[in-house]
Amino acid sequence: GQQLNQSPQSMFIQEGEDVSMNCTSSSIFNTWLWYKQDPGEGPVLLIALYKAGELTSNGRLTAQFGITRKDSFLNISASIPSDVGIYFCAGYSGGTSYGKLTFGQGTILTVHP
Amino acid sequence: DGGITQSPKYLFRKEGQNVTLSCEQNLNHDAMYWYRQDPGQGLRLIYYSQIVNDFQKGDIAEGYSVSREKKESFPLTVTSAQKNPTAFYLCASSIVSRDTEAFFGQGTRLTVV
């Protein structure tokens, strides 16, 4: 099946630092989604991207849909302790596989006060 | 409030027993999904359904069964044939569309002893 490679696997940063993570795929996707998951909870949608080249912000979060449609990036500026969690990218190829999202392995973010 | 409800939050079962996890949504979404999450891994698709009375196998369907008799409900049965059932199970729903966003429930942590 389709594979999404998400990196880095984990990050340890100081409060106030900026964070970058990315996802790459061997396949083209029509939609890229970024989720955050707190321990023991379901993932919460942060940003949705629908067009190649699209750059979208949500507060301190900014995500981009790569021009090739095979990658996406998420940046978090001025990190705070509540940013701690696991961040997942997800890609959706559409067509006959409506709603069949493929997820990356996740990036575990730790923020030191 | 609209949302997705999974129950129970924690579930313990003896090895060899079938167990059914509940997922209900009142978002009027046509599509529903079940994912499995193991520690340090991303989400893997078990089954998904785009419409009532129809469902499709995901990437790891062996040892699981589902039904979709109502639009609002998509229960997952973990059968005794599933060799390693202990995991965190997540249910999600979305509209059926090219531009789709999946919304998740809070998850059920199943422990088989």
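Residues numbered from 1 in each chain as written. Chains lettered and ligands numbered in written order. Predicted model: local features only at pLDDT ≥ 70, side-chain atom pairs only at ≥ 80, totals over all residues. Heavy atoms only, no water.

Enquirer: When you look at the overall build of chain A in this model, what are you seeing that I'm missing?
Expert: When helices and strands are counted, chain A shows zero helices and eleven strands. The N-to-C order of helical and strand elements in chain A reads β-β-β-β-β-β-β-β-β-β-β. Along the three orthogonal principal directions, the C-alpha set of chain A runs to about 45 × 30 × 20 Å. Taken across its 113 residues, chain A has 45% of its residues classed as buried. (Helix = DSSP H or I, 4+ residues; strand = E, 2+ residues; numbered from the N terminus. Buried < 20%, exposed > 50% of the residue type's maximum accessible area, 1.4 Å probe, protein only.)

Enquirer: Would you take a moment to explain the interface of chain A and chain B for this structure?
Expert: In many analyses, interface size is given as the accessible surface area lost on bringing the parts together. The partner chain B presents 25 residues to the 22 residues of chain A that form the contact. In total, chain A and chain B occlude about 2,000 Å² of area from one another, counting both sides; carbon and sulfur atoms represent 55% of this. Our count for the chain A to chain B interface comes out at one salt bridge. Notably, a salt bridge pairs Lys9 of chain B with Glu41 of chain A, separated by 3.9 Å at the nearest N-O pair. If you look at where chain A meets chain B, you find four residue pairs in polar contact (both at pLDDT 80 or more). (Contact = heavy atoms within 4.5 Å. Buried area = accessible area lost by both parts, 1.4 Å probe. Salt bridge = Lys/Arg side-chain N within 4 Å of Asp/Glu carboxyl O. Polar contact = N/O pair within 3.5 Å; in protein donor to acceptor, adjacent residues only side chain to side chain.)

Enquirer: Explain the pattern of salt bridges to me, please; I cannot follow it from the model alone.
Expert: Opposite charge on two side chains allows them to pair when their charged atoms are near. The tally for this structure, following the rule as stated, stands at six salt bridges over all chains. Between Asp83 of chain A and Arg60 of chain A there is a salt bridge, with the nearest N and O atoms lying 2.8 Å from each other. Here Asp83 of chain A, found in the loop between β8 (71–76) and β9 (85–92), pairs with Arg60 of chain A, found in the loop between β6 (55–58) and β7 (61–65); they are 23 residues apart in sequence, far enough to count as distant. Salt bridges linked by common partners bring Arg36, Asp38 and Arg44 of chain B together as one network.

Enquirer: What's the story with the sheet that holds β7 of chain A in this structure? I'm lost.
Expert: Strands belonging to one sheet form pairs held by backbone hydrogen bonds; the direction of such a pair is parallel or antiparallel. Residue and element names in this part refer to chain A. Strand order in the open sheet formed by five strands is β1-β3-β8-β7-β6, and the pairing between neighbours is antiparallel. In this open sheet, the two strands that pair with only one neighbour each are β1 (4–7) and β6. Adjacent strand axes in the sheet meet at a mean angle of 15° when their direction is disregarded. Pairing analysis gives four bridges linking β1 to strand β3 (residues 19–25), with the strands arranged antiparallel. Note on β3: the bridge partner recorded for Ser7 is Asn22. (Pairing = 2+ DSSP bridges. Axes fitted to C-alpha atoms, helices over the stretch in contact; angles between N-to-C directions.)

Enquirer: Can you help me understand the sheet that holds strand β1 (residues 4–7) of chain B in this one?
Expert: Residue and element names in this part refer to chain B. The sheet built from four strands is open, its strands ordered β1-β3-β8-β7 with antiparallel pairing. A strand with exactly one partner marks an edge of an open sheet, and here the two such strands are β1 and β7 (64–66). The mean angle between the axes of side-by-side strands here comes to 20°, regardless of whether they run parallel or antiparallel. When β1 meets strand β3 (residues 19–25), the two strands line up antiparallel, connected through four bridges. Bridge pairing in β3 links Ile4 to Gln25.

Enquirer: Mind showing me how you'd approach the state of the cysteines here?
Expert: As used here, a disulfide is simply a covalent bond connecting the sulfur atoms of two cysteines. What the rule picks out here adds up to two disulfides over all chains. Each sulfur of the disulfide joining Cys23 of chain A and Cys89 of chain A lies 1.6 Å from the other. Residue Cys23 of chain A is located in strand β3, and its partner Cys89 of chain A is located in strand β9; the two are separated by 66 residues in the primary sequence. Here Cys23 of chain B engages in a disulfide with Cys91 of chain B; their sulfurs sit 1.9 Å apart. The disulfide joining Cys23 of chain B to Cys91 of chain B has a torsion of about -75° about its S-S bond and is therefore left-handed. Of this pair, Cys23 of chain B sits in strand β3 while Cys91 of chain B sits in strand β9 (residues 87–94), placing them 68 residues apart in sequence. (Disulfide = S-S within 2.5 Å.)

Enquirer: What is the right way to read unusual backbone geometry from this model?
Expert: Among all residues except glycine, the phi angle is most often negative; among peptide bonds, the trans geometry is most common. Looking along the chain, the bond that leaves Ser7 of chain A and enters Pro8 of chain A is cis, with omega of -5°. Tracing the chain through its elements places Pro8 of chain A in the loop between β1 and β2 (10–14). In this structure, Arg69 of chain A takes a positive phi of about 70° despite not being glycine. With respect to the helices, strands and loops of the structure, Arg69 of chain A is situated in the loop between β7 and β8. Judged by its relative accessible area of 29%, Arg69 of chain A falls in the partly exposed class. Not every positive phi belongs to a glycine, and Asn28 of chain B is a case in point at roughly 60°. One can find Asn28 of chain B in the loop between β3 and β4 (31–37). According to the relative accessible area criterion, Asn28 of chain B is exposed, its value standing at 56%.

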